[in-house]
Amino acid sequence: MDVLGIPIQALLGQLLLGLINGAFYALLALGLAIIFGLLNVANFVHGAQYMLGAVISWMLLQFAGIGFWPSLIITPLIGFALGAALERSMLSRLYETDPIYGILLTFGVALVVQGVLRAQFGVSGMTYGIPDALSGGWNLGFMFLPKYRAWVVLVALLVCCSTWYAIEKTSLGASVRAATENSAMAEALGINVARLKTMIYGLGAAIAALAGVLAAPIYSVSPLMGADIVIIAFAIVVIGGMGTLLGSTVAGFGLGLVEGASKVFYPQISGMVVFIVMVVILLVRPSGLFGRASA
Amino acid sequence: MSVQDTSASIVASPSLAPSSHGYLFGFALLAMVVLTGPLYAFPVFLIVAMSFIIFASGFNLLLGFAGLLSFGHAAYFGAGAYLTAHSTKVLGLQPEFALIIGVATAAFLGLIVGVLAIRRNGISFAMITLGLAQLVFYYVLTAAWTGGAENGIQSVPRGMLFGIIDLRNDTAMYYFAATIFLLSIFVVYRVTHSPFGQVLKAIRDNEQRAISLGYEVRAFKITVFVMSAALAGLGGGLKAMALQFATATDVHWMMSGEVILMTLVGGVGTVFGPVVGGFLVVTMQNYLASLGAWVMAIQGAIFIVAVLVFRQGIVGFLEKRTGLKL
């Protein structure tokens, strides 16, 4: 069975790989979109936070014997704490200035984190085994589906949906939106805006750390693993529509698939395809797929 | 939109009255340093520093005077480097023509990106310029003529300037580069002190008002973007000529970060800020190169300090202390 001269197994295999990458794109873009949409900060340190998630997960196993399942909870909590500390100590001082300084500050923090870890661990990757319960896979007849990869897609979908629900549909989410829409008014209504912002940033960082834990068994764990993916995630946020959670999730998975397909049909451009789509979207719909026109 | 307008502008412009003494003094000092430079340091090192300063000055034209943060300026720097290198090595062009091709390509690239990116403001603008620069980066990695990620274009001949001056001589190369360098800084000064530059500052400080005054804001933004990209390409071309190679590092997004750092440390929105900042960052990288990965961490730390407590930069600080416009 061929599709445009390509064996269907090869196509489905690449699409599956694309879907996995898409799960990571969606998670990272979601974190970026939360932080951007609610705090108006372009969080350049997001890739480093994702990388830290993987490295912390690896360190927990290496030095404390803590495995994948506990790490799935512990690492995001550490990520949350680190993120909240960063927001409290540095980012919160910049809300009154030009948003450009937020990019520059987080860029600087990313350099420090990546530089220190690179000096510590070098650039060669460290390996992290797939947990026993998720090793192996299913034979679907036309292709082999590894359990772990299916699990990653599932978790990513779950996190994206529940985050969207929490922010768009719950009362806590309502106060978050109120705080960002009009912080003086929200404060007058008794909402602790400063603390809420710390929480939001921490949440974004925790999602990135979770993505890092999920990534550790698939990709090799290294200090630079987040450096390029953060730029792709930024492009996806632009494609989805700045700051919209639904947009970043849909665009994340979608672009993973598009990238996978391009590896089969036109491999030369697979590294560029996300940015090419970004250009097309900008030409057709400058505010992004799900963005409001004024954004 | 509201966030953009209520927030403090990237540069506080204390007074509109120009104090030309500051600039006169600055240019005299700069000329003196450039003339006597080879007595204190290797010419090639100084040429590289000057190339980066031209790059940073071009970047600052955009950020400091038009308030547009491009996070993809490595694309134009790299385009200048690659096209200049390719033109001399493969096409066998004379150095001045090779540089012109490098600059023209960078400017053309800047035009395309500028037209696309100015549809959005602030952070989106930064992200779009970054994304498009990644497109250029991946193109350089995959295209056949660029030599891929590891090699790049190596052993580029410097050639004969105007067919008479042999640039293989480091001193000749130095004075050629120094002339271009001083001219570039002067051009930046002239542009920012022209009516065009005043309109840019008006757009930077209050875009809505500039629009309501009837200025074609889009055209101004695209024009300054192209100028900025052209200067970045000039810096890249000069660097490729001096070091005789162009590699993927020139196009990588880390390079875009470095040029921001140079501008920020020196002083955003000042004419001489990128000169001071560029020289400091290049010197630092040169002397700390043995520290390896720590250089990245140190640069990051300087970034953090500059953003949190030293936003006006070194030259901005001097301006405040001396009362001179620099």
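Right above here is the structure, for reference.
To keep things clear, this report deals only with the structure shown in the data block. (Residues numbered from 1 in each chain as written. Chains lettered and ligands numbered in written order. Predicted model: local features only at pLDDT ≥ 70, side-chain atom pairs only at ≥ 80, totals over all residues. Heavy atoms only, no water.)

### What about the nonpolar core?
Next up, step 1: In terms of nonpolar packing, the biggest core is built from 210 residues, with Phe24(A) and Phe272(B) touching the most fellow members.
Next up, step 2: Element by element, the count of residues in this core is highest for helix H3 (residues 43-66) of chain B, at 17 residues. (Core = buried A, V, L, I, M, F, W, Y, C linked by side-chain atoms within 4.5 Å. Buried < 20%, exposed > 50% of the residue type's maximum accessible area, 1.4 Å probe, protein only. Helix = DSSP H or I, 4+ residues; strand = E, 2+ residues; numbered from the N terminus.)

### Concerning the interface of chain B and chain A
Next up, step 1: At the interface, 44 residues of chain B touch 46 residues of chain A.
Next up, step 2: Together chain B and chain A conceal approximately 4,300 Å² of surface at their shared face, both sides included; 79% is due to carbon and sulfur atoms.
Next up, step 3: For chain B, the biggest contributors to the area lost against chain A are Arg120(B), Ile123(B) and Met127(B); these three give 15% of the whole.
Next up, step 4: Connecting chain B to chain A are zero salt bridges.
Next up, step 5: In this structure, the connection of chain B to chain A is made through four residue pairs in polar contact (both at pLDDT 80 or more).
Next up, step 6: The set of elements that each furnish at least two residues to the side of chain B that touches chain A consists of helix H1 (2-6), helix H6 (122-142), helix H11 (253-266) and helix H13 (294-309) of chain B.
Next up, step 7: Take the side of chain B that touches chain A: its biggest share by element is 13 residues, from H6(B).
Next up, step 8: For the side of chain B that touches chain A, the per-class residue count stands at 29 nonpolar, 12 polar and three charged. (Contact = heavy atoms within 4.5 Å. Buried area = accessible area lost by both parts, 1.4 Å probe. Salt bridge = Lys/Arg side-chain N within 4 Å of Asp/Glu carboxyl O. Polar contact = N/O pair within 3.5 Å; in protein donor to acceptor, adjacent residues only side chain to side chain. Nonpolar A, V, L, I, M, F, W, Y, C, P; charged D, E, K, R; others polar.)

### Looking at the packing of aromatic side chains
Next up, step 1: Summed over all chains, the structure comprises 32 aromatic pairs over all chains.
Next up, step 2: Between the aromatic rings of Phe44(A) and Phe107(A), the centroid separation amounts to 5.2 Å while the plane-to-plane angle is 85°, which identifies the pairing as edge-to-face. Taken together, the residues span a long stretch of sequence, with Phe44(A) in the loop between helix H1 (8-39) and helix H2 (46-64) and Phe107(A) in helix H4 (residues 100-121) at a distance of 63 residues.
Next up, step 3: Here Phe107(A) and Phe71(B) contribute two aromatic rings whose centre-to-centre distance is 5.3 Å and whose plane-to-plane angle is 75°, an arrangement assigned as edge-to-face. Taken together, the residues Phe107(A) in helix H4 and Phe71(B) in the loop between H3 and helix H4 (74-89) connect one chain to another.
Next up, step 4: Classification of Phe107(A) by relative accessible area gives buried; the value is 1%.
Next up, step 5: Judged by its relative accessible area of 1%, Phe71(B) is buried.
Next up, step 6: Through a chain of ring-to-ring contacts, the aromatic side chains of Phe44(A), Phe107(A), Phe234(A), Phe71(B), Trp253(B) and Phe303(B) assemble into a single cluster.
Next up, step 7: Across from the ring centre of Tyr95(A), 4.6 Å away, lies the NZ or CZ of Lys197(A), which sits over that ring.
Next up, step 8: In this structure, Arg311(B) is placed above the aromatic ring of Tyr101(A), and the distance from its NZ or CZ to the ring centre is 5.2 Å. (Phe/Tyr/Trp six-rings, centres within 6.5 Å; stacked < 30°, edge-to-face > 60°. Lys NZ or Arg CZ within 6 Å of the ring centre and 35° of its normal.)

### Description of unusual backbone geometry
Next up, step 1: Phi at Asn40(A) is positive, roughly 60°, even though this residue is not glycine.
Next up, step 2: Looking at the secondary structure, you find Asn40(A) in the loop between H1 and H2.
Next up, step 3: We note that Gln244(B) has phi near 65°; this positive angle belongs to a residue other than glycine.
Next up, step 4: One can find Gln244(B) in the loop between helix H10 (217-243) and H11.
Next up, step 5: Judged by relative accessible area, Gln244(B) falls into the partly exposed class, the value being 28%.

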